[in-house]
Amino acid sequence: MSTLKVLDADFSSWKCEACGEKLVPRPIELGYLESKFKVELPACPVCGLVLIPEDLALGKMAEVESLLEDK
Ligand SMILES: [Zn+2]
């Protein structure tokens, strides 16, 4: 299973609100429609919180969908 890079933004300055830890990119398995795939998302190394950027939720899913349909 390949990992899709969907993050355009630099999130190195983002922090977990609960822990104050810097978020690190982590491959996260997502299910979308009938498919599963991995995307790199910023996650907290301490509590495991995964941040899903709003533009991913709003726009990138359409890109991912088209990637899947290209198969
Ligand atoms: Zn945390």
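Residues numbered from 1 in each chain as written. Predicted model: local features only at pLDDT ≥ 70, side-chain atom pairs only at ≥ 80, totals over all residues. Heavy atoms only, no water.

Digging into the pairing of strand S2 (residues 24-32)
Item 1. Where S2 lies against strand S3 (residues 35-43), nine bridges are found, and the strand directions are antiparallel. In the sheet register, Tyr32 faces S3, and the bridge partner there is Ser35.
Item 2. In this structure, the hairpin formed by S2 and S3 is closed by a connection of two residues, where Leu33 is found at a positive phi of approximately 55°. (Pairing = 2+ DSSP bridges. Helix = DSSP H or I, 4+ residues; strand = E, 2+ residues; numbered from the N terminus.)

Comments concerning the coordination of the zinc ion
Item 1. Within the protein, the atoms that donate to the zinc ion are Cys16 (SG), Cys19 (SG), Cys44 (SG) and Cys47 (SG), at distances of 2.3 to 2.4 Å.
Item 2. Viewed at the metal, the four donor atoms of the zinc ion are separated by angles of 106 to 115°, and the geometry they form is tetrahedral.
Item 3. Take Cys16: its relative accessible area is 2%, and that puts it in the buried class.
Item 4. When its relative accessible area of 32% is taken as the criterion, Cys19 is described as partly exposed. (Donors = N, O, S within 2.8 Å, 3.2 Å for Na, K, Ca; no water. Tetrahedral: all angles 85-135°; square planar, octahedral: opposite > 155°, others 65-115°. Buried < 20%, exposed > 50% of the residue type's maximum accessible area, 1.4 Å probe, protein only.)

Some words on the nonpolar core
Item 1. Judged by nonpolar contacts, Ile28, Leu30, Phe37, Val39 and Leu41 together constitute the single largest core of five residues.
Item 2. Mapped onto this core, the elements with two or more residues apiece are S2 and S3.
Item 3. A per-element tally of this core places S3 first, with three residues. (Core = buried A, V, L, I, M, F, W, Y, C linked by side-chain atoms within 4.5 Å.)

Looking at the pattern of salt bridges
Item 1. Per the stated rule, a full pass over the model turns up one salt bridge.
Item 2. Salt-bridge contacts for Glu29 lead to Lys36; the nearest nitrogen and oxygen are separated by 3.7 Å. (Salt bridge = Lys/Arg side-chain N within 4 Å of Asp/Glu carboxyl O.)

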